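Listed here are the chains, written in short residue letters.
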Amino acid sequence: MPILKFIARRLGLGLLTIFAVSVLIFLVTQAFPSDPAQAILGRETTPEALDALRQELGLYRPAITQFSSWLFDIVRGDIGKSFVTQMPLSEYIAPRVGNSLFLMVVGAAFSIPISIAVGAFSALRRDKTFDKTTSTVSLVLAAVPEFVMGTGLILLLSTSVFHVLPAITLIDAGQAPWSDLSGIVLPVLTLVLAVTPYVSRTMRASMIEMLESDYVEMARLKGMSERTVLVRHALPNALGPVFQVIALNLAYLAGGTVIVERLFNFPGIGSALADSVRARDLPAIQFLTLMIAGVYVLMNLLADVATVIATPRLRTSLK
Amino acid sequence: MITSPEVEQIEKPSGLLRTALRLKRTQIGLGVLIAMIGLTIVGPIIAPHSQTEFIDMPNSLNIPGALFGTDYLGQDVWSRFLIGGRSILLLSMSATLLGTTVGTFLGLLAALTKNKTDEFIMRIFDVILSFPQILLALLLVSMFNASPILTILAVALSTTPRVGRIIRGAALSVVERDFVQAATALGESRIRILFSEVLPNVTGPLLVEASLRFTYSIATIASLAFLGFAPDPTAANWGTMIQENSAVIVIQPWGAVLPVIAIAVLTIGTGLCSDGLSRVLAGIDRGGKGE
């Protein structure tokens with residue numbers, strides 16, 4: 001089974017990448033900074049406090065030992081405790097993972113169908129008004145940073161212009177995110193607006209390529225109805241390249257939402273990371289970054305596999 | 001040097017730029033970009049107050065001499081707006097330049113060597129690409145003492161593999177061509193082939209990618225400031241201003257409105273430029289005139 005071999009090889013590569021990622025995270029957070037203890041405690045501290053923290057961090061051990069014990073603990077499922085709250089990190093992170101997952105699923109549930117529809121329709125109406133309008137809008141949406149777009153939405157929808165939505169999410173980390181639905185409208189809207197242009201552009205390009213392809217021409221010549229040609233022939237094949245972009249955007253929705261969660265005070269992993277960075281909570285920073293990067297690698301892997309399975313040409317060329 | 005006339009004609013950057021400038025979107029984008037650069041040059045000179053000067057009660061409007069009132073610390077919003085773009089623009093330009101240069105070099109090297117070096121460079125790229133851009137920059141900037149150089153390095157590092165991949169892809173077809181083979185056969189050094197044979201033939205994708213990366217660098221650097229990691233947290237900076245003043249948006253909106261408009265206009269301008277360039281490049285690729 002060449003496809004299984006391909007998946008196994010890709011999985012191995014993914015694991016290697018995650019290992020390299022963990023090395024990079026360790027180097028940046030613990031090995032390169034001249035003294036992480038100093039960085040955590042700040043300038044106004046006593047030598048005793050510094051010494052105690054270095055002991056606790058195990059900074060007197062060689063870097064290799066520090067790294068391997070950190071990684072082994074994580075692999076064993078022990079992610080340590082927060083410096084700031086002294087709580088086990090798992091308790092701090094677990095509810096936030098659920099919240100971010102909820103945000104991601106809702107964001108994806110809106111953005112994927114919308115962007116595929118917009119992209120496919122733009123391709124059919126190529127260079128007509130609809131296509132030109134959506135291409136300009138998506139250009140603007142893709143260029144403007146999320147926090148600027150989000151603040152713009154707050155200004156428009158939560159303050160003087162139209163006061164219809166709350167500007168921030170008023171839920172605690174332990175509370176279900178759907179208990180305050182009006183509070184998640186703006187974060188979801190910002191994420192959807194940020195993600196949609198990329199998927200719809202890819203969909204448009206891919207659909208145009210399909211519409212110009214020989215076999216779509218062939219299907220038309222066979223006398224099939226335009227509807228059948230589009231739905232049965234063009235659309236499914238146009239989705240191949242779109243998987244790649246969708247997976248990347250899911251990864252973005254899962255982990256790159258630091259800014260959006262921070263802006264709307266949404267208690268997910270993104271805002272947890274922003275808080276940990278501010279508090280210099282080293283174990284939390286290390287684990288959260290590793291987790292987000294892990295999701296990224298996993299999504300890329302799924303995208304590659306899905307693309308190969310969805311594209312007959314690639315599937316048959318596997319050796 | 002043996003160069004096919006067709007390559008000579010299509011890949012010249014001046015040709016790409018000139019064609020792109022015939023598109024309305026590129027004209028508008030470039031106009032906006034020049035206006036914003038002008039603002040960041042002239043702004044700090046004409047600002048009526050210094051960026052950290054206390055002028056009146058915090059969060060007030062209708063103050064004589066302060067067009068847009070005061071911010072949460074009683075500083076002049078208008079002056080901070082005029083001053084707050086310079087560092088964003090300078091840092092993002094430097095980061096783009098550095099990231100694009102290193103990325104281009106590594107991309108060309110990977111395409112030319114096509115062996116263990118290529119494999120090694122691509123795997124390193126994969127590792128860096130496993131982080132969302134803002135995450136890697138945030139990690140680097142927060143772990144070391146914030147400085148302009150560190151911000152530039154952090155953003156350039158996350159830019160490098162993105163540029164490198166594109167350039168490698170574009171260069172792979174170039175290195176197979178006759179004139180590169182000829183130069184290799186003549187015994188030209190690898191570095192010379194890299195810069196004088198391959199580089200001139202990938203300037204199109206390079207220009208498009210650089211303009212795209214510029215937009216993302218502006219976004220990343222402004223976002224870092226928004227998260228509280230500007231090189232100087234007290235200095236006027238559009239990203240910092242949005243973060244500081246968004247809590248009081250209801251009573252004093254200008255402190256957030258002005259920088260929101262400024263960053264949006266700037267990034268739309270650079271976005272229009274790169275869209276114009278990439279349209280022309282895609283048009284040329286298809287054999288059209290790119291109009």
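Quantities reported herein were computed from a predicted structural model and do not represent experimental measurements.

**Some thoughts on the overall build of chain A**
A count of helical and extended segments in chain A gives 14 helices and zero strands. When its helices and strands are written in sequence order, chain A yields α-α-α-α-α-α-α-α-α-α-α-α-α-α. For chain A, the exposed surface amounts to about 15400 Å²; the carbon and sulfur share of it is 66%.

**Let's talk about the overall build of chain B**
When its secondary structure is counted, chain B shows 13 helices and zero strands. Along chain B, from the amino end to the carboxyl end, the secondary structure elements read α-α-α-α-α-α-α-α-α-α-α-α-α. With the C-alpha coordinates of chain B rotated into their principal frame, the extents come out at 75 × 45 × 30 Å. The buried share of chain B, reckoned over its 291 residues, is 55%. In chain B, once contacts between residues fewer than 6 apart in sequence are set aside, the share between residues at least 24 apart is 73%.

**Overview of the side chain of Q286(A)**
Residues and elements named next belong to chain A. Of note, Q286 is situated in helix α13 (residues 282–310). Residue classification places Q286 among the buried positions, given a relative accessible area of 4%. Engagement of the side chain of Q286 in a polar contact is seen with the side chain of W70, the distance being 3.5 Å. When near neighbours in sequence (up to four residues on either side) are disregarded, Q286 contacts I25, T29, Q30 and W70.

**What about the packing of helix α5 (residues 89–124) of chain A against helix α8 (residues 181–211) of chain A?**
Between α5(A) and α8(A), the least distance of the axes is 6 Å, while the angle of their chain directions is 35°. Between α5(A) and α8(A) the crossing geometry is right-handed.

**Let's talk about the confidence of the model for chain B**
Atomic detail in the predicted coordinates should be set aside for any region of low pLDDT. All names here are of chain B. Per-residue pLDDT for chain B has a mean of 84; in total, 92% of the residues score no lower than 70. Looking across chain B, the model is least confident in helix α1 (residues 5–11), with a mean pLDDT of 45, and most confident in helix α5 (residues 86–113), with 94. Considering only residues more than four positions removed or in separate chains, one finds that residues 1–10, a stretch of pLDDT under 50, has eleven contacts. We note a pTM of 0.88 for the whole complex and an ipTM of 0.85 for its interfaces.

**Side note on the interface of chain B and chain A**
The interface of chain B with chain A comprises 45 residues on the first partner and 44 residues on the second. Summed over both partners, the interface of chain B with chain A buries about 3600 Å², with 79% contributed by carbon and sulfur atoms. Joining chain B to chain A, the criterion identifies three residue pairs in polar contact (both at pLDDT 80 or more). For the side of chain B that touches chain A, the secondary structure elements donating two or more residues are α6 (116–129), α7 (133–143), α11 (203–226), α12 (238–245) and α13 (254–285) of chain B. Examining the composition of the side of chain B that touches chain A, we find that eleven residues originate from one element, α13(B), more than from any other. For the side of chain B that touches chain A, the residue count by class is 29 nonpolar, ten polar and six charged.

**Let's talk about the pattern of salt bridges**
Summed over the entire model, instances satisfying the criterion amount to 15 salt bridges over all chains. As a salt-bridge pair, R76(A) and D73(A) come within 2.4 Å of each other at their nearest N and O atoms. Taken together, the residues span about one helical turn, with R76(A) and D73(A) both in helix α4 (residues 63–76) at a distance of three residues. On the accessibility criterion, D73(A) (26% relative accessible area) is partly exposed. One salt bridge in this structure joins D71(B) and R80(B), with 3.5 Å as the shortest N-O distance. The exposure classification of D71(B) matches that of R80(B), with both residues buried. Each member of the salt-bridge network shares a partner with another, and the members are E119(B), R123(B), D126(B) and R165(B).

**Remarks on the packing of helix α9 (residues 178–185) of chain B against helix α10 (residues 190–198) of chain B**
Residues and elements named next belong to chain B. One can describe the packing of α9 onto α10 by two numbers: an axis separation of 11 Å at closest approach and a directional angle of 150°. In terms of axis orientation, α9 runs roughly antiparallel to α10. α9 and α10 meet at a crossing whose hand is right-handed. Facing F179, V180, A183 and T184 of α9, the residues of α10 in contact are I193, E197 and V198. Considered class by class, the residues forming the contact of α9 with α10 number five nonpolar, one polar and one charged.

**Quick notes on a nonpolar patch on the surface**
Taken together, the side chains of I41(B), V42(B), I45(B) and I46(B) define a hydrophobic patch exposed on the protein surface, amounting to about 400 Å² of accessible area. Checked against the element boundaries, V42(B) lands in helix α3 (residues 24–46).

**Concerning unusual backbone geometry**
All names here are of chain A. Even without glycine at this site, N265 takes up a positive phi of about 60°. Structurally, the position occupied by N265 is in the loop between α11 (258–263) and α12 (269–279). For N265, a relative accessible area of 42% puts it in the partly exposed group.

**Here's the deal with the environment of A123(A)**
Residue and element names in this part refer to chain A. Within the fold, A123 resides in helix α5. Residues A123 and M207 lie 84 residues apart in sequence; the distance between their C-alpha atoms is 6.0 Å. Beyond its immediate sequence surroundings of up to four residues, A123 is in contact with R204, M207, I208 and L211.

**Looking at α12(A)**
Residue and element names in this part refer to chain A. Counting buried positions over the eleven residues of α12 gives eight, a clear majority of the element. Looking only at α12, the buried set comprises I269, G270, S271, A272, L273, A274, S276 and V277. Two residues or fewer after α12 comes R280, characterised by a positive phi angle close to 55°.

Cut-off values and rules
Residues numbered from 1 in each chain as written. Chains lettered and ligands numbered in written order. Predicted model: local features only at pLDDT ≥ 70, side-chain atom pairs only at ≥ 80, totals over all residues. Heavy atoms only, no water. Helix = DSSP H or I, 4+ residues; strand = E, 2+ residues; numbered from the N terminus. Areas by Shrake-Rupley, 256 points an atom, 1.4 Å probe, with all protein chains shown as cover. Buried < 20%, exposed > 50% of the residue type's maximum accessible area, 1.4 Å probe, protein only. Contact = heavy atoms within 4.5 Å. Polar contact = N/O pair within 3.5 Å; in protein donor to acceptor, adjacent residues only side chain to side chain. Axes fitted to C-alpha atoms, helices over the stretch in contact; angles between N-to-C directions. Left-handed = near helix turned anticlockwise from the far one by under 90°. pLDDT = per-residue confidence, 0-100. Buried area = accessible area lost by both parts, 1.4 Å probe. Nonpolar A, V, L, I, M, F, W, Y, C, P; charged D, E, K, R; others polar. Salt bridge = Lys/Arg side-chain N within 4 Å of Asp/Glu carboxyl O. Parallel < 35°, antiparallel > 145°, perpendicular 65-115°, else oblique. Patch = residues over 30% accessible without salt bridge, like charges linked within 9 Å, V, L, I, M, F, W, Y side chains within 5 Å.

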